Amino acid sequence: MGQRSENVDQLVDHLFRQEFGRMVSRLARILGAPRLAMAEDAVQYAMLQALQLWPYQGAPEFPQAWLAKVAYHRALDVLKGERKLRFYDDEKEFELKNKIEELQTTGTAESLRFSQEVADERLALIFVCCHPELPRSASVALTLKVVCGFGVEEIARAFLSTETAIEQRLVRAKRTIRDRALRCEVPDPGQLEERLGAVFEVLYLLFTEGYAATAGDRLIKNDLCAEAIRLADSLAENSATAQPECHALLALMLFQAARLPARTDALGDLILLEEQDRSLWDRSMIHLGLLHLDKAARGDKLSAYHLQAEIAAMHSTTGHFTLTNWENILALYDLLREKQPTPVVLINRAVAVAQIQGPAAGLAALKAIPVDSQVEQYPFLHAAEGEFHRRLGHSSEAEISFHRALDFARTEPQQRFLLRKLAALRGPVM
Amino acid sequence: MANFLLLLHQTPSRFRNLSPEEIQKILGSYIAWRDALVKRNKMRAGEKLTNDGGRHLRAHDGKVSVTDGPYSESQEILGGFFMIEAADYGEAVEIARTCPHLGEGKWIEVRQVDAVH
């Protein structure tokens, strides 16, 4: 560990977080998915070692190689301790030893390692974390922890959950991986489509968790969006997974993320699309989104992500709210409704209807949504209803709807938003 | 100019599940502090000591006895040291004051290396 650097002013941003995922990917590939926890522990150990030594010695010239070496040795030590156990096999030990030797002869190679290999290892890890046999919520947490290198406390902060709850979710997921012998590998072509569908779902959940204007640490939530985009981007880059649907998902995330700077005010309160300062939208992200939307069009499959991305693109490329082409957007929502008749889609469609045919038509579209107890508790439904009533001049109905929305609003920004709406109802007529 | 030892005392922190991002953040502050001193040509050395109580040697009646230094999770140990160059205690203390080591349950002892001037 003698290398010392006198010229490393600082570590690359998020280096540890990204190295965590990279090293766990590699160790999980060598050790196998059932030893995912062992891989994680070895990497965590290496990082804590760095925390102990680097303050005194400075960062090594090749931090990645340093961390990898310590993590491999740790994994090897732990693996040797398992020799007596029934599932022990020499092969893994042999492979680990080879890796360590390779590291010693090439030295710096860790940072120069063949990027395709790195990408494939990560892909394999993503596939096991997002396995359809795991609950989606567990997959989201596991992907964040293992692939993205987030800490349990950070995940809890982003999800407004407790560390214990997240920890349990992770432990259960890893137990399932072990018990069902899920494999850390890219699935066969025959299964790829289905497996990839689950991965896309998890990535989009991860993104929306970050995007949601709920309370919770905004910085961490922005990181979630960035990670989801980074992962989708890595899938779009990999020839094994670069399907049009993947580009559509990536485009969708980029269009939405581009609006993040304009979406909340200084208090963290939500600013509606109508009132957003569009000059704050991230032009380069929108541009990138359009490029991926282009690539998404290269197949014959029209997925829900395609339609959502198209809708987001229409908003993103419109200079002012009043110029929005609602006819096109409604047509896209009509298509989306066929593929994905979720309450969110139906409510958004009703909003488009109201923009074209007026609030009465919007109300009728809302009324047509089949309401079960879960939809009934969805604040957005009542808020939209209240808004249409307000535009029709039905103040008392609007008030009732906004109050219902308030009953179900789960976060402070949502509550403040609705209270403002109620106050405006009682105030001077606009 | 004289050399000063910054002796970093601490209680061995119990294992805390720091996230990679948190670890990097802490390291970043140490690296920045250390590198600033390196650039000003004031950093002479720095080493971490192992997490144990070391060995204590004492001579008594011509016989040397060796014992393990006391060590427990709750007892303070010397975690490591830096040797820096400074004009006087005033400057050495100013440098030590900005060391990221200073925090709950940790303290720094500054000692001047005696030398003939």
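What you are looking at is a predicted structure, and each value in this text was computed from that prediction instead of being measured.

**Student:** Help me out: how do you make sense of empty space enclosed by the protein in this one?
**Tutor:** Vacant regions in the atomic arrangement are exposed by a probe of water-molecule size rolled over the atoms. Residues and elements named next belong to chain A. What the rule picks out here adds up to one cavity of 30 Å³ or more. Its boundaries defined by the atoms lining it, the largest cavity holds a volume of some 30 Å³. Ala119, Arg122, Leu123, Ile126, Ser234 and Asn238 together form the lining of the largest cavity. With four residues, the top contributor of residues to the lining of the largest cavity is helix H6 (residues 115-129).

**Student:** Whenever I open this one, the sheet that holds strand E1 (residues 2-10) of chain B confuses me. Can you help?
**Tutor:** The strands making up a sheet associate through backbone hydrogen bonding, with each pair oriented either parallel or antiparallel. Residue and element names in this part refer to chain B. Strands sit in the order E2-E5-E1-E6 across an open sheet of four strands; the sheet is antiparallel. With partners counted over all chains shown, the strands left at the sheet margins are strand E2 (43-48) and strand E6 (106-112), one partner each. Between one strand and the next, the sheet's axes are offset by a mean angle of 15 degrees, whatever the strand orientation. Running at roughly 150 degrees to E2, helix H1 (residues 20-39) makes contact with E1, E2 and strand E5 (77-86) of the sheet. Seen against the sheet, helix H2 (residues 89-97) touches E1, E5 and E6 and runs at an angle of roughly 155 degrees to E6.

**Student:** Looking at this structure, how should I read the side chain of His9 of chain B?
**Tutor:** Residue and element names in this part refer to chain B. Relative to the elements of secondary structure, His9 occurs in strand E1. Classification of His9 as buried rests on a relative accessible area of 12%. With residues up to four places along the chain from it excluded, the contact list for His9 reads Glu76, Ile77, Leu78, His101, Gly105, Lys106, Trp107 and Glu109.

**Student:** Help me out: how do you make sense of H2 of chain B in this one?
**Tutor:** Of the positions making up H2 of chain B, those classed as buried are Ala92, Ile95 and Ala96 of chain B. Axial view of H2 of chain B: buried residues confined to an arc of 100 degrees, hence all on one face.

**Student:** What am I meant to see in the interface of chain B and chain A here?
**Tutor:** The figure often quoted for interface size is the accessible area lost as the parts come together. If you look at the interface, chain B gives 28 residues, while chain A gives 30 residues. Carbon and sulfur atoms make up 56% of the area that chain B and chain A hide from each other, which totals about 2500 Å². For the pair chain B and chain A, the interface holds one salt bridge. Of the charged contacts in the structure, one is a salt bridge between Glu21 of chain B and Arg17 of chain A, with a shortest N-O distance of 3.6 Å.

**Student:** It is not clear to me how the packing of helix H1 (residues 15-31) of chain A against helix H7 (residues 136-147) of chain A should be interpreted in this structure. Could you clarify?
**Tutor:** All names here are of chain A. Relative orientation of the contacting elements H1 and H7 amounts to 95 degrees, with a least axis distance of 7 Å. When the axis of H1 is compared with that of H7, the two are roughly perpendicular. Listed contacts from H7 to Phe20, Gly21 and Val24 of H1 are Lys145, Val146 and Val147. Along the lines of polarity and charge, the residues of the contact of H1 with H7 split into four nonpolar, one polar and one charged.

**Student:** So what exactly am I meant to see when it comes to helix H18 (residues 359-367) of chain A here?
**Tutor:** Residues three or four positions apart in an α-helix share a direction because the helix packs 3.6 residues into each turn. Where H18 of chain A is concerned, the buried positions are Pro359, Ala361, Gly362, Leu363, Ala365 and Leu366 of chain A. Summarising the contacts, the buried residues of H18 of chain A are in contact with helix H17 (343-357) and helix H20 (379-392) of chain A.

**Student:** Any chance you could explain the nonpolar core here in plain terms?
**Tutor:** Nonpolar side chains in soluble globular proteins tend to be buried together. Within the largest apolar cluster, 136 residues are counted, with the highest numbers of intra-cluster contacts made by Phe16, Leu27, Trp54 and Leu125 of chain A. When residues in this core are grouped by element, the largest group, twelve residues, is from helix H2 (residues 36-57) of chain A. Residues within four places of Leu125 of chain A in sequence aside, it is in contact with Gly21, Val24, Ser25, Ala28, Leu36, Val146, Val147 and Cys184 of chain A. In this structure, Tyr56 of chain A together with Phe4, Leu8 and Ala92 of chain B belong to the second largest nonpolar core, which totals 18 residues.

**Student:** Can you help me understand the environment of Leu37 of chain B in this one?
**Tutor:** Counting through the fold element by element, Leu37 of chain B comes out in helix H1. Discounting residues that sit within four places of it in the chain, Leu37 of chain B has contacts with Lys42, Met43, Ile84 and Ile95 of chain B.

**Student:** What is the right way to read the pairing of strand E3 (residues 55-60) of chain B from this model?
**Tutor:** In regular strands, side chains alternate between the two faces of the sheet. Counting buried positions along E3 of chain B yields zero of six residues, so the element is predominantly exposed. Hairpin remark: E3 of chain B followed by strand E4 (residues 63-68) of chain B, antiparallel, with two residues in the connecting loop; positive phi at Asp61 of chain B, about 55 degrees.

**Student:** Quick question: what am I supposed to make of the packing of aromatic side chains here?
**Tutor:** Pairs of aromatic rings are described using the distance from one ring centre to the other and the angle between the two planes. Residue and element names in this part refer to chain A. Inspection of the entire model under this criterion finds eleven aromatic pairs over all chains. Between Phe200 and Tyr305, the aromatic rings sit 6.3 Å apart at their centres with planes inclined by 90 degrees, giving edge-to-face as the arrangement. On the criterion of sequence distance, the pair formed by Phe200 in helix H10 (residues 189-211) and Tyr305 in helix H15 (residues 304-316) is long-range, its members being 105 residues apart. According to the relative accessible area criterion, Tyr305 is buried, its value standing at 10%. Aromatic side chains Tyr204 and Phe207 sit 6.3 Å apart centroid to centroid with 10 degrees between the ring planes, which places their arrangement in the stacked category. A residue pair is termed a helical-turn pair when its members lie 3 or 4 positions apart in one helix, as Tyr204 and Phe207 do in helix H10 at three residues.

**Student:** What's the story with the environment of Ala312 of chain A in this structure? I'm lost.
**Tutor:** Residue and element names in this part refer to chain A. Mapped onto the elements of the fold, Ala312 is located in helix H15. Sequence separation of Ala312 and Gln256 is 56 residues, and the distance between their C-alpha atoms is 6.9 Å. Setting aside residues no more than four positions away along its own chain, Ala312 makes contact with Leu252, Phe255 and Arg259.

**Student:** What is the right way to look at the state of the cysteines in this model?
**Tutor:** Residue and element names in this part refer to chain A. Across all of its chains, the model carries zero disulfides over all chains by this definition. Lacking any disulfide linkage, Cys130 is separated from the closest cysteine sulfur, that of Cys129, by 6.3 Å. Distance from the sulfur of Cys225, which forms no disulfide, to the nearest cysteine sulfur (Cys148) is 12 Å. Given a relative accessible area of 2%, Cys225 falls into the buried group.

Analysis parameters
Throughout, residues of each chain are indexed from 1 in the direction in which the sequence is written. Going through the entries in the order they are written, you letter the chains from A and number the ligands from 1. Local features are withheld for residues below a pLDDT of 70 in this predicted model, meaning they are given only at 70 or higher, and side-chain atom pairs are given and counted only at 80 or more; totals for whole chains, interfaces and linings count all residues. Processing note: side-chain calculations cover all non-hydrogen atoms of the structure and skip hydrogens and water entirely. Grid points spaced at 1 Å over the protein atoms alone were grouped into cavities, where a 1.4 Å probe fits but cannot get out, and pockets, open sets with protein on both sides within 12 Å along at least five of seven lines, with lining residues defined by an atom within 4 Å of a point. Grid points are joined across faces, edges and corners, and a volume is the space filled by probe spheres set on the points. In DSSP terms, a helix is any run of H or I states spanning at least four residues, a strand is any run of E spanning at least two, and both are numbered starting from the N terminus. Strand pairing is assigned whenever DSSP identifies at least 2 bridges connecting the two strands. All axes here are fitted lines through C-alpha atoms, helices being fitted over the stretch that makes contact, and every angle between N-to-C directions spans 0 to 180 degrees. Whether two residues touch is decided by their heavy atoms; if any such pair falls within 4.5 Å, the residues are in contact. For the exposure calls, accessible area comes from a 1.4 Å probe over protein chains only, and a residue counts as buried if that area is under 20% of its type's maximum, exposed if over 50%, partly exposed in between. The arc in question is traced by the directions running from the helix axis to the C-beta atoms. Two parts placed together each lose some accessible area under a 1.4 Å probe, and the buried area is that loss summed for both. A side-chain nitrogen of Lys or Arg and a carboxyl oxygen of Asp or Glu constitute a salt bridge if their distance falls within 4 Å. Roughly parallel here means an angle under 35 degrees, roughly antiparallel means over 145, roughly perpendicular means 65 to 115, and every remaining angle is called oblique. Note on residue categories: nonpolar means Ala, Val, Leu, Ile, Met, Phe, Trp, Tyr, Cys or Pro, charged means Asp, Glu, Lys or Arg, and polar means any other residue, Gly included. In these notes, a set of buried Ala, Val, Leu, Ile, Met, Phe, Trp, Tyr and Cys residues joined through side-chain atoms within 4.5 Å is what counts as a nonpolar core. By convention, a stacked pair of Phe, Tyr or Trp rings (six-membered ring in the case of Trp) has centres within 6.5 Å and planes under 30 degrees apart, an edge-to-face pair has planes over 60 apart, and any other such pair is tilted. Note on disulfides: each one is a pair of cysteine sulfur atoms within 2.5 Å.

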